[in-house]
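# Structural description and commentary
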Amino acid sequence: MIVKEDPGNGSDPLAPSQKAAHTKHSSSLFTGRQSRKIQPEAPLRLFVYAAYIVSESESQDSADWRCEAFGVVVTYGSIYGECGVLWIGGIMAGGEAKKASTNANNRKKKEVKKETGLGLSSKKDDNFGEWYSEVVVSGELIEYYDISGCYILRPWTMSIWEIMQAFFDAEIKKMKIKNCYFPLFVSPGVLQKEKDHIEGFAPEVAWVTKSGQSDLDVPIAIRPTSETVMYPYFSKWIRGHRDLPLKLNQWCNVVRWEFSNPTPFIRSREFLWQEGHTAFAAKEEADKEVLEILELYRRIYEDYLAIPVIKGKKSEHEKFAGGLYTTSVEAFIPHTGRGIQGATSHCLGQNFAKMFEINFENDKGEKAMVWQNSWAYSTRTIGVMVMVHGDDKGLVLPPKIAAVQVIVIPVPYKDADTKGIFDACDDTVKALNESGFRAEADFRDNYSPGWKYSHWEMKGVPLRIEIGPKDLANDQVRAVRRDNSAKCDIPRASLVEQVKDMLDDIQQSLFDVAKQNRDACVEVAKTWDEFMEALNNKKMILAPWCDEEEVEKDVKARTKGEIGAAKTLCSPFDQPALDEGNIAVLDSHLEQKFSQSLQASRRGSAVKGLVTWSFNSSNMYYRRVLSEDYLLDFVNAT
Ligand code: 87F
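Residues numbered from 1 in each chain as written. Predicted model: local features only at pLDDT ≥ 70, side-chain atom pairs only at ≥ 80, totals over all residues. Heavy atoms only, no water.

An unreviewed UniProt entry lists the chain under the name proline--tRNA ligase, with Actinidia rufa given as the organism.

Written as structure tokens, this is what we have:
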């Protein structure tokens, strides 16, 4: 058994039997193909890879740019007047200044467009980035702000967020997790305590250094996450085993001064999230919670946002460095060919307990350290939803998260009975509201019905009901679906039942279509050539991997190109079956392809070396098919 298991103390919490139990409800990645759960004795692990954008800090020119940007503290100008000023430890360097002016130009373009009417000027297939920027603004989700990377979340966004919040909040309350609120500010002392893992994140921490014109004696950080804010109090509040478990959650904003391409919802400098922080007496309790929370995240994506996700465990390299292991739900954007981390649920192990001295007296009267978890999902969920479902007419909202599920539009006609039409609209809204649907009528008299259709399409309302003279005469309404433009006439007598069926159907069909599109992008690669070909074809790749960090870094380096590089997303809990034939072919292929790595690895430690040269499937075949003795002989012989 060569695959690394639990890197810390205790047993692997994601052991096969548990995995199977927790993936019971999730949609299989491998529908239509043979699917297999990992057996304890099988060392094979498939990893999902996808291209991702190399962050600024990883790319050459921006590394210089970042050096330039630090060490100097300047204010962002006079907009704050004489009141408390928020200062950030960095200047607006060339790159950022250029970006800001480009943003301003884009805004100007958009303002001009507004006067010319509705409709998007970019197409999703032609220019995805432009399309996305346009759709989030035209769909009234966000408004750009004059600080780069910060966005105004408009009511249309907040209502989506509140619906997801209501679901998640109720679920965690069932798990006896309680809400709390800790301050936004962090003292440098506690932040420093966590310096080992915060080191990599340090450039993203924003600091308050002034109040009015005076310098603060000690600068204060703004929370990028709340481990260091909360854990000193965990230490104070936890004394004995009866104080455990301590299970807290907070709904709040966090600030991370991102330097790479800001993107509404996806990468912003301030965002909303929930962060859960829990402490247990036993590791098993923590392990169980990690997966329960992950399942709630899956439900948010799949049941609410109608987006298929893959549940799995992060590699050591990609996990939260401060924790023991990280699980995640991973989504995929077919238009860009990129994977996107949907939410994370970490087992922190006892790392923070050590740092913050979170000890307790156990039931045997001995001193013990707690086991901790932390988990979060953020407003990024909304960005993923826009990217997956939106089309050239604008947003497409799944009914379960839409603030308005049904928009009712009167279609009066010259000498028709306008009052009768308006009354029918009112009655329709009333009947739907009384049955628990979120319905509204648009009675504005300064817009034509056609304009209203486009407007509500742009905002993504799942179902439109039109009522005109003919409908009034026939005691019916006309319903038009946003997702596929299908139209039908509904007798008013069966309005509620039929609307319910249609909304259910829209929700399901959005998920089905998204899953079909996602599945069409998943490929199993068994050779490096297959891997590269799939990557170039914007696929999400399932590739066997030996769980070695060096190999992972190697894949990243080898795939780095103009559009990004490949990185591991997770080791899915749900593993596909693999054809085990053709080992010889794979073997010779490997010899050619990876001879350099092989030579390099031979210079290093023997066993590790064997691992290093095969970051594709073949190494795993060796491991499965060949005995440990053979491997040792092989290592010793090379
Ligand atoms: C940015 C600046 C400073 C991520 C950061 O995922 C610190 C951090 O600790 C940082 N970006 N992280 C990791 C956050 C880990 C963890 N926190 C609680 C979560 C879930 C919620």
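Resuming the write-up.
## Describing the environment of Ala473
On the secondary structure map, Ala473 appears in helix α14 (residues 469-474). Separated by 52 residues in the primary sequence, Ala473 and Ile421 place their C-alpha atoms 9.8 Å from one another. (Helix = DSSP H or I, 4+ residues; strand = E, 2+ residues; numbered from the N terminus.)

## Structural notes on the sheet that holds strand β20 (residues 476-481)
In spatial order, the strands read β18-β17-β19-β20-β21; together these 5 strands make up an open sheet with mixed pairing. On the outer flanks of this sheet lie β18 (439-441) and β21 (487-491), each paired with one strand and no other. This sheet shows a mean twist of 25° between the axes of neighbouring strands, independent of strand direction. The sheet contact formed by strand β19 (residues 463-467) and β20 spans 4 bridges and is antiparallel. When the bridges of β20 are listed, Glu466 appears paired with Arg478. Helix-sheet contacts for helix α12 (residues 418-434) involve β17 (406-410), β18, β19 and β20, and the interaxial angle to β17 is about 170°. Against the sheet, helix α13 (residues 449-458) makes contact with β17, β18 and β19, and its axis sits at roughly 170° relative to β17, the strand it touches most. (Pairing = 2+ DSSP bridges. Axes fitted to C-alpha atoms, helices over the stretch in contact; angles between N-to-C directions. Contact = heavy atoms within 4.5 Å.)

## Looking at the packing of α12 against helix α15 (residues 495-519)
Their axes nearest at 10 Å, the elements α12 and α15 cross at an angle of 65°. Relative to α15, the element α12 lies roughly perpendicular. Remark: the crossing between α12 and α15 carries right-handed chirality. Touching Thr428, Ala431 and Leu432 of α12 are Leu495, Val496 and Val499, all from α15. Partitioned by chemical class, the residues of the contact of α12 with α15 number 5 nonpolar, 1 polar and no charged. (Parallel < 35°, antiparallel > 145°, perpendicular 65-115°, else oblique. Left-handed = near helix turned anticlockwise from the far one by under 90°. Nonpolar A, V, L, I, M, F, W, Y, C, P; charged D, E, K, R; others polar.)

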